[in-house]
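Given next are the chains, with one letter for each unit.
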Amino acid sequence: MTVTAAQVKELRERTQAGMMECKKALEKTSGDMDAAIEELRKSGQAKANKKASRIAAEGVVIIKTSADGKQAVLLEINSETDFVARDENFLTFADAVAKTALAAKVSDVQVLGSKTLIDGGVVIEESRQALIAKVGENINIRRVVTLDSKTTVGTYLHGNRIGVLVELDVENPDLAKDIAMHIAASKPLVVNPSEVSADVIAKEKEIYMAQAAGSGKPQDIIEKMVAGKLKKYLDEISLVGQPFIKDPDILVASLLNKHRAKVVSFARFEVGEGIEKETEDFVEAVMAQVHGG
């Protein structure tokens, strides 16, 4: 049978798949719309599975905030290349996923994947697979966190590469934004030194002891040296022990005390951090294609 342009248009609107893919699916199913949708879902799943092992370390970080400023979501979605990370289809998908995560107050990627997009009415995982088929790259919803506060959630977004959420125990939006900006720049790992695990402390102490072992100094002096280095390390990775980025003469702890505020929690995402990227030799890649490798 002949597939009409109207049928192709309808299928595209319902699935977001490419025009030629829609046409082929309709031809294969003799114009049966529901069967064509199922065919595209199977095709999308197959392509997604094939690309799933490919490293996706580019992408975007997105923040969405509720109207009252008391809820916010931080989301990282990855692509394989920066080119796709700027693609309109990718950005539209990322924005819709973030809106859905905020509405559902989700902080789990698997749970998020099972939600239906509030823009479009398609299950997120199905929409992700369709996007993979469309752009030809692996797309990965890597992580998501939602903060739901009774007081203040501060946010800061540096381009679309670094995003921060921070919750204070008082209502002070300006302070919360300043702290979020500081976290983006200074990369603390915890709020307070007491939150650093005993294993991490023990490992650092072991390193410092080994470094000082050959100094020839008495053991009691070595212990004091190690204690000093350990304190410096804990201050460097703890939010409250860091010099405030906008005024390095004061510590973040002093700034918070001045406003009688405490940081309840924070989250900081940077695109691709911790993902081991593949490096490809361009000459080898070209030669492999020339020789059919």
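Cut-offs used in this document
- Residues numbered from 1 in each chain as written.
- Predicted model: local features only at pLDDT ≥ 70, side-chain atom pairs only at ≥ 80, totals over all residues.
- Heavy atoms only, no water.
- Pairing = 2+ DSSP bridges.
- Helix = DSSP H or I, 4+ residues; strand = E, 2+ residues; numbered from the N terminus.
- Axes fitted to C-alpha atoms, helices over the stretch in contact; angles between N-to-C directions.
- Contact = heavy atoms within 4.5 Å.
- Buried < 20%, exposed > 50% of the residue type's maximum accessible area, 1.4 Å probe, protein only.
- Polar contact = N/O pair within 3.5 Å; in protein donor to acceptor, adjacent residues only side chain to side chain.
- Salt bridge = Lys/Arg side-chain N within 4 Å of Asp/Glu carboxyl O.

A. Representation of the sheet that holds strand β5 (residues 162–168). If you walk across this open sheet you meet the 3 strands as β4-β5-β8, and the pairing is antiparallel. Strands with a single pairing partner mark the edges of an open sheet, and in this sheet they are β4 (152–158) and β8 (263–270). Each adjacent strand pair in this sheet contributes to an overall mean axis angle of 10 degrees, direction not counted. With 7 bridges joining them, β5 and β8 adopt antiparallel strand pairing. When the bridges of β8 are listed, V164 appears paired with R268.

B. Inspection of the sheet that holds strand β2 (residues 71–79) at higher detail. An order of β1-β2-β3 is seen for the 3 strands of this open sheet, with the pairing classed as antiparallel. Because the sheet does not close on itself, it has two edges, and the strands there are β1 (58–65) and β3 (140–148). For this sheet, the mean angle separating the axes of adjacent strands, direction not counted, is 10 degrees. When β1 meets β2, the two strands line up antiparallel, connected through 8 bridges. Following the sheet pairing, E58 is matched in β2 by S79. Sheet contacts for helix α5 (residues 88–104): β1, β2 and β3; angle to β2, the most-contacted strand, approximately 145 degrees.

C. Highlighting the environment of L102. Among the structural elements, L102 can be located in helix α5. Its relative accessible area of 16% is what places L102 among the buried residues. Here the alpha-carbon distance between L102 and S66, two residues 36 residues apart in the chain, equals 7.6 Å. With residues near it in sequence (within four places) discarded, L102 still touches K64, T65, S66, Q71, A72 and V73.

D. Expanded view of the side chain of E76. Looking at the element boundaries, E76 is found in strand β2. Relative accessible area serves as the criterion here: at 0%, E76 is assigned to the buried category. Within the structure, E76 has its side chain in polar contact with the side chain of R143 (distance 2.6 Å). Residues within four places of E76 in sequence aside, it is in contact with V60, V61, N140, I141, R142, R143, F269, E270, V271 and G272.

E. Representation of the pattern of salt bridges within the structure. All told, the structure shown has 15 salt bridges when counted by the stated rule. R268 is the salt-bridge partner of E270, the closest N and O atoms lying 3.1 Å from each other. Residue class for R268 comes out buried when judged on its relative accessible area of 12%. What emerges from the salt-bridge pattern is a single network uniting E76, R142, R143, R268, E270 and E273.

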